[in-house]
Amino acid sequence: MARIGLVWERGQGQSYARRFAPLAAALADAGHEPLMVVRDTAAVARALGTNVWPVLQAPWIEAPSRVAHAGASAISGFVDLLALHGMGDEAALRMLVGKWDALLDLLRLDLLLVENAPAATAAAFGRMPVVHLGCGAMLPAIVDGRFARGARWRSTAENERAVSRTLSVVLEGRVAAPPTPAGLFAGAPRLLYDLPEVDPYAAQRQPVTDDTVSGERRIGPLDPLPSAKAPVGGRHVFAYLPFTSNVCDPVLRALLEMNLASLELFVPGMPGGLQGRLRERGVTVHTATPDLEDVLTRASHVVHPAGVETSMAALAIGRPQFLVPDHMAQAMIAHTMVAAGLAAGLRPIDSIERLQARLREFFGHVDAPRKAFALAVALQQRPPFAGGGGEGRAQVVRICEATLERARGGPA
């Protein structure tokens, strides 16, 4: 039995909690002791239900540190995000690593299973084995010792130097710091749970092809993908729009002014009064996260920010997608899908009229539902996702166990 910490440090959203809860159960079923150190303890506690594994607060900083460009809108690469979240600021990183050191001393963990946890990764570097989990946008390919530099998504060189310099200072005296930020991740398993269609770095991946523990591998969705569903006639729209998003208000106004057969909404954070007014207009408003397979089966089209789970579910069921990203990772997924002809969206929203024109163009592509369904059918037949996938969780457990065996001097 091993004591395994499931760590989530950066990023907001219920999706982390929904991934971590069943992973903890899978590790426990395999005879291990899971402990969770997470950004949002309440969300994880809700996702755990009646399970009683410990859930602790992860250290993180609220205020972004200095980055080498003007404004967060200029962030274009993963290292820029690391710099924004304190990895390029010596005082901030020293504080975070110190807090993680104290936690790791207290918890006496054997392995960390991490998603979006750069400071925890730095604290564990050279100290204990780590397994990384994530989507392609947040686990960039590593090429020649550096994070891959895509046509659009290249971090500023100054931020890369700042993060490397800060790591060397903070880790001095405990372990040799990696020469580049990618070195924090390069020697550990990196498990991708998304599809190549939503991975901005899919063409640059060099996945392992044998039983080697280290390196990146696409394990596939952690939950089974829904099966392909025949197209739905008419304009029955499901829209998922976080209320705090800059695009929520214009997209909602545009949809409400269009002639739709039906509209279903999931808008986390929407005030109750607004929900009531929308219901009076015949709109179905979900107050809790709906079952994606259920709502997408009823929908003819889907509008959403390009989150990885919604994007994959819509691809698997076969629904045309209009993407309105809210942050960098979603923008990367959206650009990848639009460039491949798998979705629409992305043009600047400078007026309701222009947005409505884009949506009318989206709904007006009469062949789009048929093409989306044909892609979904092909997707279901493609290994390793035949039958919808769902083996990813078992692979996470297997890789964690192999990593532990290697760390203990075993054959792995």
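Residue positions are counted from 1 within each chain, in the order its sequence is given. Given that the model is predicted, a residue must reach a pLDDT of at least 70 before its local features are reported, and side-chain atom pairs must reach 80 or more before they are shown or counted; all residues, however, enter totals for whole chains, interfaces and linings. Water and hydrogen atoms play no part in the side-chain values, which are based on all heavy atoms of the structure.

Asker: Please clarify how the overall build of the chain should be interpreted in this entry.
Answerer: Numbered from the N terminus, helices here are DSSP runs of H or I no shorter than four residues, and strands are runs of E no shorter than two. Within the chain, the regular secondary structure consists of 15 helices and 15 strands. When each of the 412 residues of the chain is scored for burial, the buried share is 54%. Of all intrachain contacts in the chain linking residues separated by at least 6 positions in sequence, the fraction that spans at least 24 positions is 69%. Here, Shrake-Rupley sampling with a 1.4 Å probe gives the accessible areas, and only protein chains in the shown set may cover a residue. When the accessible surface of the chain is totalled, it reaches about 17,600 Å², and 52% of it is carbon and sulfur. Whether a residue is buried, partly exposed or exposed follows from its accessible area with a 1.4 Å probe, protein chains only, as a fraction of its type maximum: under 20%, in between, or over 50%, in that order. Contacts were defined at the residue level, with two residues in contact if any of their heavy atoms lie within 4.5 Å.

Asker: For this particular structure, what's the right way to read the pattern of salt bridges?
Answerer: In a structure, side chains of opposite charge can pair up when their charged atoms sit close to one another. Basic side-chain nitrogens of Lys or Arg form a salt bridge, by our definition, when they fall within 4 Å of a carboxyl oxygen of Asp or Glu. Scanning the model with the defined rule gives 21 salt bridges in all. Taking the shortest distance from any N to any O, the salt bridge between Asp223 and Arg393 comes out at 2.2 Å. A residue pair is termed long-range when its members are at least 10 positions apart, and Asp223 in the loop between strand E9 (215-218) and strand E10 (236-240) and Arg393 in helix H15 (residues 392-407) qualify at 170 residues. Look at the salt bridges and you will find they share partners, linking Arg190, Asp194, Asp199, Arg205, Glu216 and Arg218 into a network.

Asker: It is not clear to me how the environment of Glu405 should be interpreted in this structure. Could you clarify?
Answerer: Looking at the secondary structure, you find Glu405 in helix H15. Classification of Glu405 as partly exposed rests on a relative accessible area of 35%. Separated by 192 residues in sequence, Glu405 and Val213 have C-alpha atoms that sit 9.9 Å apart.

Asker: Looking at this structure, how should I read the packing of helix H1 (residues 14-29) against H15?
Answerer: In a packed pair of helices, the relevant descriptors are the angle between the two axes and the axis-to-axis distance. Contact geometry for H1 and H15: axes closest at 10 Å, N-to-C directions at 55 degrees. As far as their axial angle goes, H15 and H1 are oblique. Where H1 crosses over H15, the two elements pack in a sense that is right-handed. Side by side, H1 and H15 meet where Pro22, Leu23, Ala26 and Leu27 of the first sit next to Arg393, Val396 and Val397 of the second. Following the grouping adopted for this structure description, the nonpolar residues are Ala, Val, Leu, Ile, Met, Phe, Trp, Tyr, Cys and Pro, the charged ones are Asp, Glu, Lys and Arg, and the polar ones are all others, Gly among them. Looking at the contact of H1 with H15, its residues break down into 6 nonpolar, no polar and 1 charged. The angle between two axes is taken between their N-to-C directions and runs from 0 to 180 degrees, where each axis is a line fitted to C-alpha atoms and a helix contributes only its stretch in contact. Note on angle classes: values under 35 degrees are labelled roughly parallel, values over 145 roughly antiparallel, values of 65 to 115 roughly perpendicular, and the remainder oblique. Helix crossings fall into two classes, left-handed where the near helix is turned counterclockwise from the far one by less than a right angle and right-handed where it is turned clockwise.

Asker: Just to check I follow, could you spell out the packing of aromatic side chains for this structure?
Answerer: Aromatic ring pairs: the centre-centre distance and the angle between the two ring planes describe each pair. Only the six-membered ring of Trp is used, alongside the rings of Phe and Tyr, when aromatic pairs are assigned; centres must lie within 6.5 Å, and planes under 30 degrees apart are stacked while those over 60 apart are edge-to-face, with the rest tilted. If you walk through the whole model with that rule in mind, you get 7 aromatic pairs. When the centroid spacing of 4.7 Å and the interplanar angle of 5 degrees are considered together, the rings of Trp8 and Tyr16 count as stacked. Like Trp8, the residue Tyr16 is buried in the burial classification. Aromatic rings pair up to connect Phe78, Phe147 and Phe185 into one cluster. A ring is considered to have a charge above it if a Lys NZ or an Arg CZ atom is located within 6 Å of its centre and within 35 degrees of its normal. Positioned over the ring face of Tyr16 is Arg19, at 5.1 Å from the centre of the ring. Positioned above the aromatic ring of Trp60 is the side chain of Arg39, whose terminal nitrogen or guanidinium carbon lies 3.6 Å from the ring centre.

Asker: Which parts of the structure should I look at to understand the sheet that holds strand E5 (residues 130-134)?
Answerer: Within a sheet, neighbouring strands are paired by backbone hydrogen bonds and run either parallel or antiparallel to one another. Paired strands, in this sense, are two strands between which DSSP finds at least two bridges. Taking strand neighbours across the sheet as the criterion, the 7 strands line up as E3-E2-E1-E4-E5-E8-E9 in an open arrangement whose pairing is parallel. The outermost strands of the open sheet, each flanked by one partner alone, are strand E3 (55-57) and E9. Between one strand and the next, the sheet's axes are offset by a mean angle of 20 degrees, whatever the strand orientation. The sheet strands contacting helix H2 (residues 41-48) are strand E1 (3-8), strand E2 (33-38) and E3, and the helix crosses E3 at an angle near 170 degrees. In the packing of helix H4 (residues 90-107) onto the sheet, contacts are made with E1, E2, E3 and strand E4 (111-115), and the angle to E2 comes to roughly 160 degrees.

Asker: So what exactly am I meant to see when it comes to H15 here?
Answerer: Since there are 3.6 residues in each turn of an α-helix, residues three or four apart along the chain are aligned in direction. Over its 16 residues, H15 extends 22 Å from the first C-alpha to the last, a length consistent with the 22 Å expected when each residue adds 1.5 Å. Every buried residue of H15 is accounted for by Gly392, Arg393, Val396, Val397, Ile399, Cys400, Ala402, Thr403 and Leu404. Where H15 is buried, its residues touch E1, H1, E4, E5, strand E8 (189-192) and E9. Two residues or fewer after H15 comes Gly409, characterised by a positive phi angle close to 90 degrees. Under the convention used throughout, the expected extent of a helix is 1.5 Å for every residue step, that is, one less than its residue count.

Asker: I keep staring at the sheet that holds strand E12 (residues 284-286) and nothing clicks. Help me out?
Answerer: Strands sit in the order E12-E11-E10-E13-E14-E15 across an open sheet of 6 strands; the sheet is parallel. In this open sheet, the two edge strands, each paired with only one partner strand, are E12 and strand E15 (344-345). Inspection of the sheet shows E10 paired to strand E13 (residues 301-304) by 3 bridges, in the parallel sense. Considered in E13, the bridge of Val237 is made with His301.

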